[in-house]
Amino acid sequence: MRRGRGYVAGMEPIDDSDNLPLSQRAIAARPAPYLEGLNAAQRAAVETLEGPVLMLAGAGTGKTRALTTRIAHLLMLGKARPGQILAVTFTNKAAREMKDRIAALLGETVEGMPWLGTFHSICVKILRRHAELIGNGELHLKPAFTILDTDDQIRLLKQLIQAENLDEKRWPARQLAHLIDGWKNRCLPPSNLPKREKAAFDGWGGRLYAAYQERLLSLNAVDFGDLLMHCVTLFQAHPDVLKSWQERFRYILVDEYQDTNVAQYMWLRLLAQAHRNICCVGDDDQSIYGWRGAEVGNILRFEQDFPGAQVVRLEQNYRSTPQILSAASGLIAANSGRLGKTLWTEAEAGEKVRLIGHWDSEAEARWIGEEIEAFQGGHRAGLGKVSLDDIAILVRASHQMRAFEDRFMTIGLPYRVIGGPRFYERAEIRDAMAYFRLVVSPADDLAFERIVNTPKRGLGDKALQTIQTVARRHGVPLLEAARIAVEEGQLTGKGLVNLRDFVAALGRWHADALDAGASHIELAERILDESGYTAMWQNDKSPDAPGRLDNLKELVKALEEFDNLQGFLEHVALVMDRDEGEAGEEVSIMTLHGAKGLEFPVVFLPGWEDGLFPNQRAMDENGTKGLEEERRLAYVGITRAERLAVISFAGNRRLYGQWQSSMPSRFIDELPEEHIEILTPPGLYGGGYGAAMAFAGANAGTDMHDRAAQADVYNSPGWKRMQARAAERKAPVRRAPVTIDTEAAAHFSVGDKVSHAKFGEGQIIGIAEDTLTVQFAAGFKTIKAAYVTPAGSDQDVPF
DNA sequence: CGAGGGGAGGTTTTT
DNA sequence: CCTCCCCTCG
């Protein structure tokens, strides 16, 4: 157990007294040390403990700090024991960070926060306790159920589609998987599926979905979507079970609420019903996962869903310069239906957001590479030396990464690509896991199918069919069927010998796994060696074989944290992260989605071209909604930058091998010019000012060597529009606070002093619609804006 | 069983 | 253009 720093003096040990009556007055009089340094809004977010709270936390406003301090506060006040707080995140990374920070605040590890985790991991914990209640009359889950990943899911669906004698080309399993995920995201089990939806997939949707769920049950398996859906249906069908969980969780905290889907929303609502102490943190402007079922509506509707909800807005930004914030705010202002926020900062104005166009994607990559080298050498004004670790390139689509990888490889610029294939998605890890699964659960047919012929044992389709026939005839799992097939001599030659050995080896390993005295780590190594799996990769001459062997070693190492294989398997499916090894200074390349929650001093945002960003397909499929989500993505991108953001676009880009010309992104037109610095094109093509660009419409796009076509600078409609607008507005630029407030109470801002007839003077800490949250001497109140008057503002909004 | 050709499809991504 | 998957042929 790790002892953290900063043990809080005078801290009461957390005991069974769940409700130490401590009024907010008392806290205000003697603030706990961990509350120091919080701004007024953050304090409100930390101290408004009872009832529903919506914490609207803009980018870089100290959301995680508020959230973790709130948990620490709950524990310190004795409002709840660690086991009575439910805190959910979307990613393991976020969960881990919260744990670490709470530990730092409290000066000890939070082994005692068993219910801080991802939606999925918490659902697993709950489901394992009630597995028997999940299922239909005959079949139900058992507590050791396995969690299938996307790959298993597809393979299973493929089998079902084949079983119906459907053409896999016309009925692709991937598409069905997508449909089923969608239904599960909306918490629609086969029995509740509307007729219209059942007819999806050419009429087979409902039927295949039901068959799939049935098959999962018989395999004692669930997929990711089931974790939430089963949990919700469990709660709905068993009020007593629900009640026990409702009572346990006195306080609920939810991170990234704008990303919740319907199932997660239902889950939260059910659990919050008893104590109603639910605090949801989110930012409607950063909702970028609509395409996988997230409903921005959840956060927009919060106040209706949870009547009496208090809304706290965190608007002071501690990350970016005013220039960056203003550019981002100006852009996102084009979206409709926002809750509205006014981000502000005390930071120095800083560098304007830079904008530059390039001839093509290769020139773009080349230029960014040169800029990075210049930054690194300290040859760029305003920033001094910048470490490679401080620089990120954020792209819309992963195929954009290649241009940068190619370029950086040639010039020897160290980089890392973040968000490649996950560790546990790699074939070798999945194979090894399948071995472990089959050893622990001999009835795991999916695992059997995966590895029976890996490495090659001469057991092809035909052998597998034979085994499957035997399995059906005897009604036994495949491994058992294999044993029978061997005994009955249904196979011949090499296959027979190999299968006999395979079955025998599994028997041995299984026995060893049951032996509590034996080391599960040694067993794992033995399984991989004796099965020939390690040898298979050792003999493989492909360049990635050594890497795969390393991964296997890492997998075995991960076993150390568990007592046995069983325990490992129960948790690992959800928690295995690939190690982001710090290997010296490197530029980070990642997608905009992957960058959410991160921050970098310098951020490059390439590929701002219509069709790529905003993405054509997003707009085609979801219209304005899709466009707005793309715009939020742009907002997320810009707000990752602490000191400098550089946006760029290319006139030509290779797409599916074809050179295609493109127009600058419409988002570029939406950037507020006063915060943008337009860089003159580099002198790469003919040199100096006025060189370099040709865009679509000039019909020269397809020939990148056509220098003549490059004569006219920025010859695009979008660019001209921008120039025209810049010319128009000479004098009366709206200066000072960039107030992008959609509220009726727009003449108030957070931080304003107001006075109220009854409560006296106070300071606004939150604004929602026409309702203000005001901190008075007597405490926090939520008041209609009409009932207060401005009492003079001493808070300068610094830009 | 495994290598190689043909054909389709090719945002974003966590669990 | 490039990758992945399926199918066929040796």
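Residues numbered from 1 in each chain as written. Chains lettered and ligands numbered in written order. Predicted model: local features only at pLDDT ≥ 70, side-chain atom pairs only at ≥ 80, totals over all residues. Heavy atoms only, no water.

- An unreviewed UniProt entry lists chain A under the name DNA 3'-5' helicase, with Paracoccus alkanivorans given as the organism.
- The UniProt entry for chain A carries the following comment under Sequence similarities (unreviewed entry): "Belongs to the helicase family. UvrD subfamily."
- Listed under Function (unreviewed entry) in UniProt, the entry text for chain A is "Has both ATPase and helicase activities. Unwinds DNA duplexes with 3' to 5' polarity with respect to the bound strand and initiates unwinding most effectively when a single-stranded region is present. Involved in the post-incision events of nucleotide excision repair and methyl-directed mismatch repair." (UniProt positions renumbered as here; feature names shortened; annotations may be inferred.)

## Thoughts on the overall build of chain A
Consideration 1: The helix and strand inventory of chain A stands at 30 helices and 21 strands.
Consideration 2: Classification of the 799 residues of chain A by burial places 55% in the buried group.
Consideration 3: Sequence separation of at least 24 residues holds for 75% of the intrachain contacts in chain A that already meet a minimum separation of 6.
Consideration 4: Surface accessibility of chain A: about 34800 Å² in total, with carbon and sulfur atoms responsible for 50%. (Helix = DSSP H or I, 4+ residues; strand = E, 2+ residues; numbered from the N terminus. Buried < 20%, exposed > 50% of the residue type's maximum accessible area, 1.4 Å probe, protein only. Contact = heavy atoms within 4.5 Å. Areas by Shrake-Rupley, 256 points an atom, 1.4 Å probe, with all protein chains shown as cover.)

## What about the sheet that holds strand E7 (residues 278-282)?
Consideration 1: Taken in spatial order, the six strands of this open sheet run E3-E2-E6-E7-E1-E8, and their pairing is parallel. The sheet is open, and its two borders are formed by strand E3 (116-118) and strand E8 (310-314), each paired with just one other strand. For this sheet, the mean angle separating the axes of adjacent strands, direction not counted, is 15°.
Consideration 2: Each of strand E2 (85-89) and E3 touches helix H4 (residues 92-106); the most contacted strand, E3, lies at about 165° to it. (Pairing = 2+ DSSP bridges. Axes fitted to C-alpha atoms, helices over the stretch in contact; angles between N-to-C directions.)

## Thoughts on the protein's contact with DNA strand B
Consideration 1: Among the 29 residues in the neighbourhood of DNA strand B, the closest are listed as Ser 398, Arg 422, Lys 456, Gly 460 and Thr 591.
Consideration 2: Of all DNA strand B atoms lying within 4 Å of any protein atom, the proportion belonging to sugar or phosphate reaches 51%.
Consideration 3: Residue Asn 453 places a side-chain N or O atom 3.5 Å away from a phosphate oxygen belonging to DNA strand B.
Consideration 4: Per element, the largest residue contribution to the surface near DNA strand B is four residues, and it comes from helix H28 (residues 616-639).
Consideration 5: Grouping the constituent residues of the surface near DNA strand B by class yields nine nonpolar, 12 polar and eight charged. (Near = heavy atom within 4 Å. Polar contact = N/O pair within 3.5 Å; in protein donor to acceptor, adjacent residues only side chain to side chain. Nonpolar A, V, L, I, M, F, W, Y, C, P; charged D, E, K, R; others polar.)

## Structural notes on the pattern of salt bridges
Pairs can form between side chains of opposite charge once their charged atoms are near each other.
Consideration 1: Inspection of every chain in the model, using the stated rule, returns 46 salt bridges.
Consideration 2: Across the salt bridge formed by Asp 283 and Lys 341, the nearest N and O atoms sit 2.7 Å from each other. Of this pair, Asp 283 sits in the loop between E7 and helix H13 (296-300) while Lys 341 sits in the loop between helix H15 (322-332) and strand E9 (353-360); the two residues are 58 residues apart in sequence, bridging distant segments of the chain. Summarising the burial analysis for this pair, Asp 283 and Lys 341 share the class buried.
Consideration 3: Among the salt bridges present, the one from Arg 653 reaches Glu 364, with a minimum N-O distance of 3.0 Å. (Salt bridge = Lys/Arg side-chain N within 4 Å of Asp/Glu carboxyl O.)

## Focus on the packing of aromatic side chains
For any pair of aromatic rings, geometry is given as the distance between the ring centres together with the angle between the planes.
Consideration 1: As enumerated under the stated definition, the model contains 20 aromatic pairs in all.
Consideration 2: Taking the centre distance of 6.0 Å and the plane angle of 55° together, the rings of Phe 404 and Phe 408 count as tilted. Within this pair, Phe 404 and its partner Phe 408 are both found in helix H17 (residues 401-411), separated by four residues, close to a single helical turn. Across the pair, exposure class does not vary: Phe 404 and Phe 408 are buried alike.
Consideration 3: Counting every residue linked through ring pairs, the aromatic cluster contains Phe 90, Phe 119 and Trp 267. (Phe/Tyr/Trp six-rings, centres within 6.5 Å; stacked < 30°, edge-to-face > 60°.)

## With respect to the protein's contact with DNA strand C
Consideration 1: Neighbouring DNA strand C are Lys 158, Tyr 656 and Gly 657.
Consideration 2: Counting only atoms of DNA strand C within 4 Å of the protein, the sugar-phosphate share comes to 42%.
Consideration 3: Here a phosphate oxygen of DNA strand C sits 3.2 Å away from a polar atom, N or O, in the side chain of Lys 158.

## Quick look at the packing of helix H9 (residues 205-218) against helix H10 (residues 224-237)
Consideration 1: Where H9 contacts H10, the two axes come as close as 13 Å, and the packing angle between them is 90°. One way to sum up the angle between H9 and H10 is to call them roughly perpendicular. Residues Tyr 209, Gln 213 and Leu 216 of H9 lie in contact with H10, whose contacting residues are Asp 226, Met 229 and His 230.
Consideration 2: Residues belonging to the contact of H9 with H10 are distributed by class as follows: three nonpolar, two polar and one charged. (Parallel < 35°, antiparallel > 145°, perpendicular 65-115°, else oblique.)

## Notes on the nonpolar core
Consideration 1: Residues Phe 235 and Trp 267 are the most contacted members of the largest nonpolar core, which totals 73 residues.
Consideration 2: Phe 423, Val 452, Leu 459 and Leu 479 belong to the second-largest nonpolar core, a separate cluster that totals 51 residues. (Core = buried A, V, L, I, M, F, W, Y, C linked by side-chain atoms within 4.5 Å.)

## Section: the packing of H15 against H28
Consideration 1: The geometry of H15 relative to H28 is characterised by a closest axis approach of 9 Å and an angle of 175° between their N-to-C directions. Here H15 is positioned roughly antiparallel relative to H28, judged by the angle of their axes. The residues of H28 that touch H15, namely those facing Ile 324, Ala 328, Ser 329, Leu 331 and Ile 332, are Arg 631, Arg 632, Ala 634, Tyr 635, Ile 638 and Thr 639.
Consideration 2: Looking at side-chain class alone, the contact of H15 with H28 contains seven nonpolar, two polar and two charged residues.

## Observations concerning a positive patch on the surface
Consideration 1: Residues Lys 99, Lys 125, Arg 129 and Arg 248 make up a contiguous surface patch of positive charge.
Consideration 2: The residue Arg 248 is located in helix H11 (residues 239-248) in this model.
Consideration 3: The class for Arg 248 is partly exposed, based on a relative accessible area of 31%. (Patch = residues over 30% accessible without salt bridge, like charges linked within 9 Å, V, L, I, M, F, W, Y side chains within 5 Å. Lys, Arg positive; Asp, Glu negative; His and termini not counted. Charge placed at Lys NZ, Arg CZ, Asp CG, Glu CD.)

## Here we look at the environment of His 238
Consideration 1: Among the secondary structure elements, His 238 is positioned in the loop between H10 and H11.
Consideration 2: We classify His 238 as partly exposed; its relative accessible area is 22%.

## Considerations on the layout of surface pockets
Consideration 1: Empty space within the second largest pocket amounts to approximately 670 Å³.
Consideration 2: Forming the boundary of the second largest pocket are 25 residues, of which Arg 215, Ser 218, Leu 219, Asp 445 and Leu 478 lie nearest the centre.
Consideration 3: Elements represented by at least two residues in the lining of the second largest pocket include exactly helix H6 (150-163), H9, helix H19 (445-451) and helix H20 (461-474).
Consideration 4: With four residues, the single largest contributor to the lining of the second largest pocket is H6.
Consideration 5: Grouping the amino acids of the lining of the second largest pocket by side-chain chemistry returns 11 nonpolar, eight polar and six charged. (1 Å grid on protein atoms, 1.4 Å probe; cavity = no way out; pocket = protein on both sides within 12 Å on 5 of 7 lines; lining within 4 Å. Points joined across faces, edges and corners; volume = space filled by probe spheres on them.)

## Here we look at the environment of Asn 317
Consideration 1: Among the structural elements, Asn 317 can be located in the loop between E8 and H15.
Consideration 2: By relative accessible area, which is 2% here, Asn 317 ends up buried.
Consideration 3: Residues in contact with Asn 317, not counting those within four places in the same chain, are Ala 59, Gly 60, Thr 61, Leu 325, Leu 343, Trp 344 and Thr 345.
Consideration 4: A polar contact is formed between the side chain of Asn 317 and the backbone nitrogen of Arg 319, at a distance of 2.7 Å.

## Observations concerning unusual backbone geometry
Consideration 1: Omega for the bond connecting Thr 454 with Pro 455 falls within 30 degrees of zero, at 0°, which places this linkage in the cis form.
Consideration 2: Cis rather than trans, the peptide bond between Phe 613 and Pro 614 has omega equal to 5°.
Consideration 3: We note that Asn 220 has phi near 55°; this positive angle belongs to a residue other than glycine.
Consideration 4: Note that Asn 220 resides in the loop between H9 and strand E5 (221-223).
Consideration 5: On the accessibility criterion, Asn 220 (12% relative accessible area) is buried.
Consideration 6: Even without a glycine there, the phi angle at Arg 276 is positive, about 60°.
Consideration 7: In this structure, Arg 276 sits in the loop between helix H12 (262-272) and E7.

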